[in-house]
There are 2 protein chains.
Amino acid sequence: MYRTHSCGELRASDINKEVALSGWVQKTRDKGFMIWVDLRDRYGITQLIFDEKRTPVAVVEKAKTLGREYVIHIKGSVIERESKNSNIPTGTIEILVTELQVLNEALVPPFTIEDQTDGGEDIRMKYRYLDIRRNPVKNNLLFRHQVGMKVRNYLSEEGFIEIETPYLIKSTPEGARDFVVPSRMNEGQFYALPQSPQTFKQLLMVGGMDKYFQIVKCFRDEDLRADRQPEFTQIDCEMAFVEQEDILTIFEGLTRHLIKDIKGIAIHDFPRMTYDQAIKIYGNDKPDIRFGMKFGELNKVAQHKDFKVFNDAELVVGIAVPGGASYTRKEIDKLIDWVKRPQVGALGMVYVKCNEDGSFKSSVDKFYDQDDLSQWAEITGANAGDLICVLSGQTHKVRGQLSALRMEMGERLGLRKPEEFAPLWVVDFPLLEWDEDTERYHAMHHPFTSPKPGDIPLLNSRPGDVRANAYDLVLNGNEIGGGSIRIHDKETQKLMFDHLGFTPEEAKAQFGFLLDAFQYGAPPHGGIAFGFDRLVAILGGQETIRDFIAFPKNNSGRDVMIDAPATIDTEQLKELNIKLDL
Amino acid sequence: MYRTHSCGELRASDINKEVALSGWVQKTRDKGFMIWVDLRDRYGITQLIFDEKRTPVAVVEKAKTLGREYVIHIKGSVIERESKNSNIPTGTIEILVTELQVLNEALVPPFTIEDQTDGGEDIRMKYRYLDIRRNPVKNNLLFRHQVGMKVRNYLSEEGFIEIETPYLIKSTPEGARDFVVPSRMNEGQFYALPQSPQTFKQLLMVGGMDKYFQIVKCFRDEDLRADRQPEFTQIDCEMAFVEQEDILTIFEGLTRHLIKDIKGIAIHDFPRMTYDQAIKIYGNDKPDIRFGMKFGELNKVAQHKDFKVFNDAELVVGIAVPGGASYTRKEIDKLIDWVKRPQVGALGMVYVKCNEDGSFKSSVDKFYDQDDLSQWAEITGANAGDLICVLSGQTHKVRGQLSALRMEMGERLGLRKPEEFAPLWVVDFPLLEWDEDTERYHAMHHPFTSPKPGDIPLLNSRPGDVRANAYDLVLNGNEIGGGSIRIHDKETQKLMFDHLGFTPEEAKAQFGFLLDAFQYGAPPHGGIAFGFDRLVAILGGQETIRDFIAFPKNNSGRDVMIDAPATIDTEQLKELNIKLDL
């Protein structure tokens, strides 16, 4: 037996017990006649003491040879510690060692196995198995497991059934790129890895399964942005005989349960906002509503003077930064530089200081008088002491720029509190979005999303204005889930394929089975999918998903630890009936 | 709102309630003035009644148009049923319908949606979404979900952490063939889909995670035997600081818990048997021990006479079939034909009838006297009334043949009771097995399995005799799990790679990261993996895994419903830097 207890378990009440422990050597202190070793395992750290007077000489000698991260097994008795350490739960005791066995030696690790390590991202990824020994990573993985269990148990209690859908499916050109898998047994043919189990979960609804969920890996062969992974995990859900309201209610319940259970925080409100409102008020379809700085549109009150920049702009819009009136000229200049960075892309920024005495001082005093500026303050909700920041230009762009500024100021002012949770439903998403590259409309969500029945007549005249029964769940400025009520009749689905530029043949070749299925009694249905990696990260009070994935890939889609992808044998290619074409 | 209740929910206590239901039309009976409809959803069937006297005329007229599998929504009141149906929980009530809405029409399904359907396997697979509406398939999927939840909750309670390992990994030529995935971003390189998370779970142990599990999809590009799938699900587990005994204990606990919780059956014994014993006594490394018919080896008592067939044989071995002495000559001839079928492959069969009066009558009376046959009876454990069946030939083959006969007789005699559960550990598997094709030794389990320390010296002289710290969990004649204590030091791992014919370069290229990891303090560790599909099937009292998979593939690895795999665009191939080579 390798251990009677874990390294996080022993307390003062265990004093005098004979115990066996196993673990890694965190550190050693050698005073010559006495050696202390911090022994670590998943559960904590226990101090070992090797004392010349009380420990066999050979054992003390062996203890002197121990290096960092050696794996050892010891026996000894629990004794009271002289200098207690109140920072760790085992801090009142130590083990007086009588037997020591080195289970495995260890090279000096390439970075320290400490909460604050000296290792950079790259080296930690290459030696991820050592990185996982560190508390921050280990605790993230334990946390992820807890969240997963809570999600499963909650949904199962609510009558949802977890059903595994296939990983080897069929490639569909719609949406992101598929990863494909050559089939050896079916020459010249390929499977694809699922971007989501979308069609299968819809078929399960046709199959009467009613309430489905799955925590499942999905795959997208996209050029990776920071913090995207080619394989990611989804909480995938679908329900039949439901309307949008039913789905929002159920998944409010799940979100409320998770935040309550994990964070001890009771969420009362799940406010809702239309996509149009979100864009207008926050410049963003996933606004962080933990703080204000709502957009104030200033066209009416700013385009009547000779300020050409504003007069030429499609949109003039501002936010009131709390307390910003006290910023120095230098600070404001730096802010202007910030919005002019290529990542944000504004051409400039107009500002108005709202002085404590009720007067205003702006960068455009030449054009606007105190009455004008007072109107700006009213529209942006600025109070005395605030700084109004105004951007102008093309509507779509300027909203994005001001949204970036708003988030930055929220961050700088400490308004994005990691332990505060503010969920929000954004509803009524557009059905279609224009794609500049292909010069056609794409499904914003996916081609199975149902249009709002009243908007269907607009499909021909103003396709961009058609709204969908689609919704996103936003938490603290991150989209954590998104879904829709699906089309469940063959006719509407055909109409959608038409508008997405599928020929009937293409539609049949790719989704024939779904169109077929719709002929055999498809119920009304809809669903939602949560990005599990992100959900866990946000619940963990962080925003980087990579820290919550055991073995993440880098931005080139490489696993630098195992060095994948890699070349394969010519023989293997031949069996698969493919060859390289470089 | 589509429904206030499900179709399996209403009882006599609900009489007079106004309700809304939705579901599928199971069947209709039209008596002209009155129409009954059986409405079905996931939860059951509720009878609807449309009565000319009490239901609006238009509603009755619409009801007359309903076809099988139409999806409808109704409102009405719960009333007492005149002729009660005690076969279904809702059999005491029916719904007097006042409103009817057809949510979706349905073509006549290609097979009946009944427990006993008229549809063959092929058509049911093509329309799997309709097959899932049938109770037997639906219940299997619900059952699978329940088993999955119980496994997760049990292991989680035991301190195991579910950690997701990557799906896009690296190809390794050892073992079965990998499915590979061309990488667009890394030209000329490929990911592989995991045959199991083996190396990752070992790295998690090096990472200190201690108790890991995952219910995870695995992939093998093998020529499929009946009842194998290219993608299958594993309960994958690993523990650190454990010996074989610890692992057997923990997973006995899991198995005991599942059988108790799901079947209400308390398992007392988990007998153990070495691989050698299992082969000797049952001719099989996964014996069904719910019944006897143990092998009796007869060489000593059968090779001293002039019967050339036995004298030439490497092994003469028999079983006693209970009650078989009463078989007619014709029945015995049919049994002989059965063992001579190519699937079994015996050249013939000698039999001995053990008469009730204590005398024997055999097919080889010319060579053996009553004393001889009495010895056979003693060795095979035959009682008066039994039939001793004896096969002979090359040891390996004849054991397989007699094992097949034993299983067949167990089946015929009703000894393989689906509601009886008899687990068994088979331990001390050989480390290596000879592969005729490649003419070298392969790892029987996998290359990370540790040899029994005492057997290591045999690696050079008699590699086939080296035993491993490897074990299988057998349930009712099926291997449901298998695992081993792993090698945790670099030297032994190198030794293994040598014996498996890996050059140091190959070992480094393929498993360098694991060998590296072993240098940084790997703990002793071991694990087990259960075939989840099979475990669920056996717990469900069946043996066909396909019936417990929502969307299975056929024997050519095809999903006939979505018609995958399929050809992909030349454009797509080009992006992936590959071309077809047919």
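Residues numbered from 1 in each chain as written. Chains lettered and ligands numbered in written order. Predicted model: local features only at pLDDT ≥ 70, side-chain atom pairs only at ≥ 80, totals over all residues. Heavy atoms only, no water.

Student: Go over the environment of R144(A) with me, naming the residues and quoting the values.
Tutor: Mapped onto the elements, R144(A) comes out in helix α4 (residues 135–157). Looking at R144(A), the relative accessible area reads 8%, which means it is buried. Remark: the alpha-carbon pair of R144(A) and D465(A), spanning 321 residues in sequence, is separated by 40 Å. When near neighbours in sequence (up to four residues on either side) are disregarded, R144(A) contacts T233(A), F532(A), D533(A), V536(A), F548(A), I549(A) and E164(B). A polar side-chain atom of R144(A) sits 3.3 Å from a polar atom in the side chain of T233(A). A polar contact is formed between the side chain of R144(A) and the side chain of D533(A), at a distance of 2.8 Å. (Helix = DSSP H or I, 4+ residues; strand = E, 2+ residues; numbered from the N terminus. Buried < 20%, exposed > 50% of the residue type's maximum accessible area, 1.4 Å probe, protein only. Contact = heavy atoms within 4.5 Å. Polar contact = N/O pair within 3.5 Å; in protein donor to acceptor, adjacent residues only side chain to side chain.)

Student: Summarise the pattern of salt bridges; cite the residues concerned and give the values.
Tutor: All names here are of chain A. The full count for this structure, using the stated rule, is 92 salt bridges over all chains. Across the salt bridge formed by R133 and E69, the nearest N and O atoms sit 2.8 Å from each other. Here R133 is found in the loop between α3 (128–131) and α4, whereas its partner E69 is found in the loop between α1 (57–63) and β4 (71–80), with 64 residues between them in sequence. Considered together, R133 and E69 belong to a single accessibility category, that of buried residues. The partner of E297 in a salt bridge is K280, and the shortest N-O contact between them spans 3.0 Å. Taken together, the positions of E297 in strand β12 (residues 296–297) and K280 in helix α7 (residues 275–282) put the pair 17 residues apart, joining distant regions of the chain. We classify E297 as partly exposed; its relative accessible area is 26%. Taken together, the salt bridges that share partners define one network made up of E121, R124, R128, D131, R134 and R546. (Salt bridge = Lys/Arg side-chain N within 4 Å of Asp/Glu carboxyl O.)

Student: Lay out empty space enclosed by the protein in plain terms, naming residues and giving numbers.
Tutor: Considering all chains together, one arrives at 10 cavities of 30 Å³ or more under this definition. Roughly 470 Å³ of internal volume is contained in the largest cavity. Forming the boundary of the largest cavity are 31 residues, of which R152(A), E162(A), I215(A), R152(B) and I215(B) lie nearest the centre. Put simply, the parts of the chain that give the lining of the largest cavity at least two residues each are α4 and β9 (211–219) of chain A together with α4 (135–157) and β9 (211–219) of chain B. Here the lining of the largest cavity gets six residues from one element, more than from any other, and that element is α4(B). Across the lining of the largest cavity, the residue classes break down as 13 nonpolar, eight polar and 10 charged. Within this model, the second largest cavity holds a volume of roughly 120 Å³. What lines the second largest cavity is a set of 16 residues, and nearest its centre among them are K217(A), I549(A), A550(A), F551(A) and E164(B). Broken down by secondary-structure element, the contributors of at least two residues to the lining of the second largest cavity are α4 and β10 (231–240) of chain A. In the lining of the second largest cavity, the residues fall into eight nonpolar, two polar and six charged. (1 Å grid on protein atoms, 1.4 Å probe; cavity = no way out; pocket = protein on both sides within 12 Å on 5 of 7 lines; lining within 4 Å. Points joined across faces, edges and corners; volume = space filled by probe spheres on them. Nonpolar A, V, L, I, M, F, W, Y, C, P; charged D, E, K, R; others polar.)

Student: Can you explain unusual backbone geometry? Please cite residues and give values.
Tutor: Residue P565(A) follows A564(A) across a cis peptide bond; omega there is 0 degrees. As for its position among the elements, P565(A) is in the loop between α16 (532–539) and α17 (570–575). In the Ramachandran plot, D210(B) falls in the positive-phi region, its phi being about 80 degrees despite a non-glycine side chain. Take D210(B): it is sitting in the loop between α5 (198–206) and β9. Notably, D563(B) is not glycine yet its phi reads approximately 60 degrees, a positive angle. Note on placement: D563(B) falls in the loop between α16 (532–539) and α17 (570–575).

Student: Account for the sheet that holds strand β21 (residues 478–485) of chain B, with residues named and values stated.
Tutor: Residues and elements named next belong to chain B. One open sheet accounts for eight strands, arranged β6-β9-β10-β22-β21-β20-β17-β11; its pairing is mixed. Both outer strands of the open sheet, β6 (161–162) and β11 (272–274), are each paired with one neighbouring strand and no more. Examined bridge by bridge, strand β17 (residues 423–427) and strand β20 (residues 470–475) share five bridges and lie antiparallel to one another. Within β20, the residue paired with L424 across the bridge is V474. (Pairing = 2+ DSSP bridges.)

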